[in-house]
Amino acid sequence: MVPSPSGRSAGRPIRFGRRLGCAAALLLFFLVPAVRIRLLTEPPGVVALPPVPSGKTQYDLYVIAYGYHTAIFLEQPDGWRLGPPGNESADFLEYGWGDRRFYGFNDQSIPAMLTAAFWGTPSVVYVGGEEGFPPAKRTIRAAYYRTVTAEQLRLLLTGLEQAMTRAASGERPPPLPPRTDLKGRFFPAREYYILWSDCNRWTVERLREVGLARTGVGVVVPEQVGGRLIGFRRVR
């Protein structure tokens, strides 16, 4: 008689098949949303900003952490009008980014959060206007500061404005309805939100594009942002 294989050897192909199936399922779990996001994301639109006024060579730039979220807070050049409707000429501008339902409409339901985290959802850019630092009536967990040149400021603001889904003429899209708890306004954005490409990575990547931060790959929570910044010092 031919001896039957032991239970140990017979179980190896089954375990290997299960591991292979789990690996394939995990790959699809991340690959399908990534491919979908790549296909749906629009290229940056044209943004024509005015020249930065002569005479001033340095501008204030902050990165601020509110709870789980970070934002870019920067000085607006004199004569520019990039602030939210009703406060276009604000001395300082705040730019943030996030999921459209959760961030733009304050929808904190479980379906909204799970969809944003694992499927990839439309996003918004928040634009706020303030008269100085710190922003009024906001609870700040951390803040980082440096100055930038007029050219760095212009390049950074161009990238931040290109995050919106702009019209062919270069104009901003109409803002979403206002949130009663925030003074600024939300605008539809080009990119898609997902767990591994969230608001904190977005903050770092916008700064990296102008040489003010290292890569945002792997950044998920606000505590990781400070270590990626270049030339900033913590002031809060």
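Okay, so let's go over this structure. (Residues numbered from 1 in each chain as written. Predicted model: local features only at pLDDT ≥ 70, side-chain atom pairs only at ≥ 80, totals over all residues. Heavy atoms only, no water.)

## A look at the packing of aromatic side chains
In step 1: Applying the stated criterion to the full structure yields 11 aromatic pairs.
In step 2: Centroid distance Y62 to Y145: 4.9 Å. Interplanar angle 45°. Geometry classified as tilted. Placement of the pair is Y62 in strand β1 (residues 58–66) and Y145 in strand β5 (residues 142–149), with a sequence separation of 83 residues.
In step 3: Accessibility expressed as a relative area gives 15% for Y145, which makes it buried.
In step 4: On the basis of an interplanar angle of 55° and a centroid distance of 5.1 Å, the ring pair of Y126 and F186 is categorised as tilted. On the criterion of sequence distance, the pair formed by Y126 in strand β4 (residues 121–130) and F186 in strand β6 (residues 185–193) is long-range, its members being 60 residues apart.
In step 5: Residue Y126 is classed as buried on the basis of its relative accessible area of 3%.
In step 6: A residue is classified by how much of its surface remains accessible, and F186, at 1% relative accessible area, is buried. (Phe/Tyr/Trp six-rings, centres within 6.5 Å; stacked < 30°, edge-to-face > 60°. Helix = DSSP H or I, 4+ residues; strand = E, 2+ residues; numbered from the N terminus. Buried < 20%, exposed > 50% of the residue type's maximum accessible area, 1.4 Å probe, protein only.)

## A look at the pairing of β1
In step 1: In terms of burial, β1 is largely enclosed, as seven of its nine residues are buried.
In step 2: With six bridges joining them, β1 and strand β2 (residues 69–75) adopt antiparallel strand pairing. Residue A65 lies in a different strand from β2, and its bridge partner there is T70.
In step 3: Linking β1 back to β2 in an antiparallel pair, the connection comprises two residues, with G67 at a positive phi of about 60°. (Pairing = 2+ DSSP bridges.)

## Overview of the sheet that holds β5
In step 1: What the seven strands build is an open sheet, ordered β6-β4-β3-β2-β1-β5-β7; its pairing is antiparallel. Looking at strand neighbours, the two that pair on one side only are β6 and β7 (233–234), the edges of this open sheet.
In step 2: Here helix α5 (residues 199–208) sits on the sheet in contact with β1, β2, β3 (92–99) and β6, set at roughly 35° to β2. (Contact = heavy atoms within 4.5 Å. Axes fitted to C-alpha atoms, helices over the stretch in contact; angles between N-to-C directions.)

## Notes on helix α3 (residues 110–118)
In step 1: Looking at α3, one finds that the buried residues are A112, A116 and A117. When α3 is viewed along its axis, its buried side chains cluster within an angular range of 120° and face the same direction. Summarising the geometry of α3, the exposed residues directed more than 90 degrees from the buried face are I110 and P111.
In step 2: Of the residues one or two after α3, G120 is the one with positive phi, at around 100°. (Arc of directions from axis to C-beta.)

## Thoughts on the nonpolar core
In step 1: Counting 40 residues, the largest nonpolar core has L61, L74, Y95, L157 and L207 as its most contacted members.
In step 2: At the level of elements, β1, β2, β3, β4, β5, α4 (150–161), β6 and α5 are the ones that each hand at least two residues to this core.
In step 3: Once you skip the residues sitting within four places of it in the chain, L157 turns out to touch L49, L74, P77, W80, L82, L93 and Y95.
In step 4: Of all hydrophobic cores here, the second largest spans nine residues; its members include Y62, Y66, F92 and I140. (Core = buried A, V, L, I, M, F, W, Y, C linked by side-chain atoms within 4.5 Å.)

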